[in-house]
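# What the coordinates show
Given next are the chains, with one letter for each unit.
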Amino acid sequence: MKPAELETEHSDSMATLAQDWECGAVCPGDGGHEDVCESLSLLQIDTGWDSPKDLPVGCEMWSSRNVLRKQRHWERTVTAKKNKRKQERERRKAKHGEDKGSAEQHSKRVLKAITRDRLLEAKECGPRLCVDLSMTGHMTRKEVSRLAAQIRRLYGSNKKAEKPFWICLTGFVPGSLVYDECFRMNDGFSNYLMDTTQESYLDLFPLETIVFLTPDSETVLEDVNSSKVYILGGLVDESIQKKLTLRKAQEHSLQTARLPIREYMVKNINEKNYHSEILAINQVFDTLSTYYETKSWPEALKAGVPLGKGYILPDADK
């Protein structure tokens, strides 16, 4: 081959190589077509080509540009998803903050310590609520089980209260049915922050400080006084005998009172024409506790008196 022909062939090869370099089809040290297939595979683009030999002739430039376009699209998609997840986390965090308010969040251990301090403070200077369990001897097991459940709910409400009462169970005799049911039905009952005793409330508190709460009393409870001891008869609806608790209080010349249901609520028309002022002990407590915090009897009665009792606030249907 003549020198002129050799020079011409060398120039043509160099031109082709330069063109391939610009198109990205050939990279230094790489395998040309192999790079194209590998890039498409990494981007999970199904080309239908099993090897570099299957690449159509003259498509090197198109393949490189298509790979870059797909890669940029994939990167934009990933970035968009990350931003969306970040915005969603921020939105949930903001909503959680709104729900909880601006109050400082505490761990369970700290909250438990705060609750304990409140209850112990109530023991020193708060009002006292005593549940008299001396009248459970003639109650059925079902009734006693309901009473044990009411005690659990009463204690749970007191723990959550901003201004709790100090709770005391009197006539709580070991081995009795109500004693066994309280331990059986209420997990952690032995750790409840309250007093339990076999003694009678008559032997524990000065008689002038006792107020026996009974729906049969003619005296309306006007306020909750922290210097008083409020007595609830440990009875459930099925076992209540008319004026039983009132007679017991009168036997010892105790002060009695009833919740001001008639004074602040009205009878609601219902199919059974049923209206009752007899509440479960936890419902009475919810009423007293709410009033002690809000000083509002309408708010207190709304919290404690269920609709099933047949009484509503006058503006409840407006």
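All values derive from a computational prediction rather than experimental measurement.

So, on to the sheet that holds strand β5 (residues 229-233). Spatially, the six strands line up as an open sheet ordered β3-β2-β1-β5-β4-β6, and their pairing is parallel. Because the sheet does not close on itself, it has two edges, and the strands there are β3 (195-196) and β6 (255-257). By the bridge criterion, four bridges tie strand β4 (residues 210-213) to β5 in an arrangement that is parallel. When the sheet's bridge partners are listed, Phe212 is paired in β5 with Ile231.

Summary statistics for the chain give a mean pLDDT of 81 and a share of 74% for residues scoring 70 or more. Per-element confidence in the chain ranges from a low mean pLDDT of 46 for helix α1 (residues 3-23) to a high of 97 for strand β2 (residues 166-170). Overall, residues 2-11 carries pLDDT values under 50, and its contacts beyond four positions in sequence, including any with other chains, amount to two contacts. Below a pLDDT of 50 lies the segment residues 13-32, which in the model reaches 14 contacts outside its immediate sequence neighbourhood of four places, other chains included.

Right, let's get into helix α6 (residues 177-185). Along α6, the residues that are buried comprise Val178, Glu181 and Cys182. Buried positions in α6, seen along its axis, are confined to an arc of 100 degrees and lie on one side of it. Looking at the buried side of α6, the elements it contacts are α5 (141-160).

Helix α10 (residues 281-294) packs onto α5 with a crossing angle of 20 degrees between their chain directions and a minimal axis gap of 8 Å. The pairing of α5 with α10 is recorded here as roughly parallel in orientation. Relative to α10, the crossing made by α5 is right-handed. Contacts from Leu147, Gln150, Ile151, Arg153, Leu154, Ser157 and Asn158 in α5 reach Ile281, Asn282, Phe285 and Asp286 in α10.

Here we come to the packing of aromatic side chains. Enumeration over the complete set of coordinates arrives at 10 aromatic pairs. Considering the side-chain rings of Phe172 and Phe189, the 5.8 Å spacing of their centres and the 50 degrees angle between planes classify their relative orientation as tilted. Of the two residues, Phe172 is situated in the loop between β2 and α6 and Phe189 in the loop between α6 and β3; the sequence distance between them amounts to 17 residues. With a centroid separation of 5.0 Å and 55 degrees between ring planes, the pair formed by Phe189 and Tyr192 is classed as tilted. Through pairs of rings, three or more aromatic residues link up here, namely Tyr155, Phe172, Tyr179, Phe183, Phe189 and Tyr192.

Quick look at the pairing of β5 now. The element β5 is extensively covered by neighbouring structure, given that five of its five residues are classed as buried. Neither face of β5 is open: one carries Val229, Ile231 and Gly233, the other Tyr230 and Leu232, and all of them are buried.

Okay, the side chain of Ser145 next. By the secondary structure assignment, Ser145 is in helix α5. The class of Ser145 is buried, set by a relative accessible area of 15%. At 2.6 Å, the side chain of Ser145 and the side chain of Glu181 are in polar contact.

Here the focus is unusual backbone geometry. A positive phi angle, close to 50 degrees, is found at Asn273, a residue other than glycine. Phi angles above zero are rare outside glycine, and Lys295 is one such case at about 60 degrees. As for its placement among the helices and strands, Lys295 is situated in the loop between α10 and α11 (297-304). Under the relative-accessibility criterion, Lys295 is labelled partly exposed at 44%.

Calculation criteria
- Residues numbered from 1 in each chain as written.
- Predicted model: local features only at pLDDT ≥ 70, side-chain atom pairs only at ≥ 80, totals over all residues.
- Heavy atoms only, no water.
- Pairing = 2+ DSSP bridges.
- Helix = DSSP H or I, 4+ residues; strand = E, 2+ residues; numbered from the N terminus.
- pLDDT = per-residue confidence, 0-100.
- Contact = heavy atoms within 4.5 Å.
- Buried < 20%, exposed > 50% of the residue type's maximum accessible area, 1.4 Å probe, protein only.
- Arc of directions from axis to C-beta.
- Axes fitted to C-alpha atoms, helices over the stretch in contact; angles between N-to-C directions.
- Parallel < 35°, antiparallel > 145°, perpendicular 65-115°, else oblique.
- Left-handed = near helix turned anticlockwise from the far one by under 90°.
- Phe/Tyr/Trp six-rings, centres within 6.5 Å; stacked < 30°, edge-to-face > 60°.
- Polar contact = N/O pair within 3.5 Å; in protein donor to acceptor, adjacent residues only side chain to side chain.

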